[in-house]
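# Descriptive structure summary
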Amino acid sequence: MKLIVTGGAGFIGSAFVRMTVSSGLASVVNLDKLTYAGNLANLAPIDSSPLYRFAHGDICDAEFVANLIAEVQPDAIVHFAAESHVDRSILSPAPVFETNLRGTFTLLEAARQLKVPRFVHVSTDEVYGSIDEPHDADEDYPLRTASPYSASKAGSDLLALSYYTTYKMPVVVTRASNNYGPYQFPEKLIPLMISNALAGRRLPVYGDGQQVRDWLYVEDHCRAIQSVLAKGREGQIYNIGGSCALPNLEVVKRIIKATGQDESLIEWVKDRPGHDRRYAITSDKVSRETGWEPQMDFEAGLQYTIDWYKTNQAWMDAVRSGEYQDYYRKNYAGRAGGAASE
Ligand code: NAD
Ligand code: TYD
């Protein structure tokens, strides 16, 4: 099988490419723009494989996308590329709508014209917005987005599904919960807290820290996408959750304990505007139809992730330099409690 994977230099896309290429499941052409989040070092374990090739480009570039699809003739496109971070989408929404909406549209349109046999659109549980207890969202739950990021993802999901309804294009949409694991850019909660804790820096907790997220180990997510790629029904949506709902403060405390740090590192900072309180989904459909279940226990996955960051200090030093420092200052400066410098 031949795949075009978009965003394969990012956190989840690179895990998917590493798993897919190293198992020999498919050959992969990785189409990635290499934004701040794209890092070819994430592909080092497989980048000399004859099953792997990198194509540097932008999913918004219609000509580039069409030429690549025409040349590769893929059996499927697995679409990860996105601006993926809520805080950045609040600070700077324009690139989020450009890539997540126009980029997805550009890919869908090229895939339709060139009759790509399968299109997996990778999305998020954030499209359901904050969910009151005791409910968990299934795939029919209403969309209620709060951030520019989640609004752009909901829009791209609807676009993808419209291509199935209107053109009978073989599209499948996945909606996963919060991922964690090695190679995650340290702007998201878990890698940011690990990276700061390992360096003895303050740990900025938004609001009261009681917001709930459902944690999914990245390789479990990638196995689910492989299952949906193989067995998912066209025009369908599949939720993919980790069955591990925890308040943020609990996650931070576990990281503090596992890194041998002290809770005095916690810094209470001003809440994120429009902050969703609780994400919760059921993954019954993907389990029933494909047999997938999450395998990684959170305690073990978190420890493995912390150990990975400890032994990959050079990776962390490289991604924390330059642009990251500017972003960190912009996002955390001025938040009451003052986590302005890392
Ligand atoms: P990431 O930010 O780590 O990586 C995104 C990748 O997309 C980068 O390699 C970047 O260079 C590339 N990219 C960005 N704009 C591009 C463009 N215009 N053209 C080509 N490439 C471009 O993201 P991630 O955390 O790996 O998330 C991947 C996908 O999974 C996203 O669609 C995201 O919405 C979805 N998702 C993420 C999570 C999570 O917890 N991180 C959870 C559920 C769903
Ligand atoms: P994040 O990793 O940005 O993912 P998302 O917003 O997509 O769920 O944030 C996860 C949770 O952690 C969210 O409730 C916001 C919170 N958070 C903090 O408390 N402090 C931080 O520095 C960050 C980045 C996130």
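Residues numbered from 1 in each chain as written. Chains lettered and ligands numbered in written order. Predicted model: local features only at pLDDT ≥ 70, side-chain atom pairs only at ≥ 80, totals over all residues. Heavy atoms only, no water.

A few words on unusual backbone geometry. Here Glu 133 and Pro 134 are connected by a cis peptide whose omega angle stands at 5 degrees. Along the chain, the position of Pro 134 falls in the loop between β5 (119-124) and α5 (148-167). Phi is positive for Leu 34, which is not a glycine, with a value near 60 degrees. Tracing the backbone through its elements, the reader meets Leu 34 in the loop between β2 (27-32) and β3 (52-56). Among the residues examined, Leu 34 registers a relative accessible area of 29% and is labelled partly exposed. Despite not being glycine, Ser 243 has its phi angle at roughly 50 degrees, a positive value. Since its relative accessible area comes to 70%, Ser 243 is described here as exposed. (Helix = DSSP H or I, 4+ residues; strand = E, 2+ residues; numbered from the N terminus. Buried < 20%, exposed > 50% of the residue type's maximum accessible area, 1.4 Å probe, protein only.)

A separate point is the site of ligand 1. Contacts to ligand 1 come from 29 residues, most closely from Ile 12, Asp 32, Ser 84, Tyr 149 and Lys 153. At a separation of 2.9 Å, an oxygen atom of ligand 1 approaches a polar backbone atom of Asn 179. The fraction of the free accessible surface of ligand 1 (840 Å²) that becomes covered by protein chains is 98%. Those elements that place two or more of their residues in the shell around ligand 1 are α1 (11-22), β5, α5 and β7 (178-180). Residue contributions to the shell around ligand 1 peak at three residues, all from β5. (Near = heavy atom within 4 Å. Polar contact = N/O pair within 3.5 Å; in protein donor to acceptor, adjacent residues only side chain to side chain. Areas by Shrake-Rupley, 256 points an atom, 1.4 Å probe, with all protein chains shown as cover.)

Our next topic: the packing of helix α8 (residues 248-258) against helix α10 (residues 298-311). Contact pair α8 / α10: the axes reach a minimum separation of 11 Å and the direction vectors enclose 55 degrees. Judged on the interaxial angle alone, α10 and α8 are oblique. Considering how the two elements wind past one another, α8 and α10 form a crossing that is right-handed. Seen from α8, the contacting residues are Val 251, Arg 254, Ile 255 and Ala 258; seen from α10, they are Phe 298, Glu 299, Leu 302, Gln 303 and Ile 306. For the contact of α8 with α10, a count of residues per class yields six nonpolar, one polar and two charged. (Axes fitted to C-alpha atoms, helices over the stretch in contact; angles between N-to-C directions. Parallel < 35°, antiparallel > 145°, perpendicular 65-115°, else oblique. Left-handed = near helix turned anticlockwise from the far one by under 90°. Contact = heavy atoms within 4.5 Å. Nonpolar A, V, L, I, M, F, W, Y, C, P; charged D, E, K, R; others polar.)

Below, the discussion takes up the pairing of strand β1 (residues 2-6). Walk down a regular strand and you will see the side chains alternate between the two sheet faces. Within β1, four of the five residues are buried, which leaves it mostly tucked inside the rest of the structure. Pairing geometry for β1 and β2, over five bridges, is parallel. Residue pairing across strands places Ile 4 opposite Val 29, the latter belonging to β2. Of the strand pairs in this sheet, β1 and strand β4 (residues 76-79) are connected by four bridges, and their pairing is parallel. Bridging across to β4, Leu 3 finds its partner in Ala 76. (Pairing = 2+ DSSP bridges.)

Our focus in this paragraph is the confidence of the model for the chain. Mean pLDDT over the chain stands at 97; residues scoring 70 or higher make up 98%. Here residues 338-342 is a poorly scored stretch, pLDDT under 50, and it has 15 contacts once near neighbours within four places are set aside; other chains count. (pLDDT = per-residue confidence, 0-100.)

So, on to the site of ligand 2. Taken together, 20 residues are adjacent to ligand 2, and Glu 126, Arg 213, Arg 272, His 275 and Tyr 332 come closest. One nitrogen or oxygen atom from the main chain of Leu 189 is found 2.8 Å from an oxygen atom belonging to ligand 2. Here Arg 272 contributes a side-chain N or O atom positioned 2.5 Å from an oxygen atom of ligand 2. Starting from 510 Å² of accessible surface for ligand 2 in isolation, the protein chains cover 98%. Residue composition of the shell around ligand 2, grouped by class: nine nonpolar, five polar and six charged.

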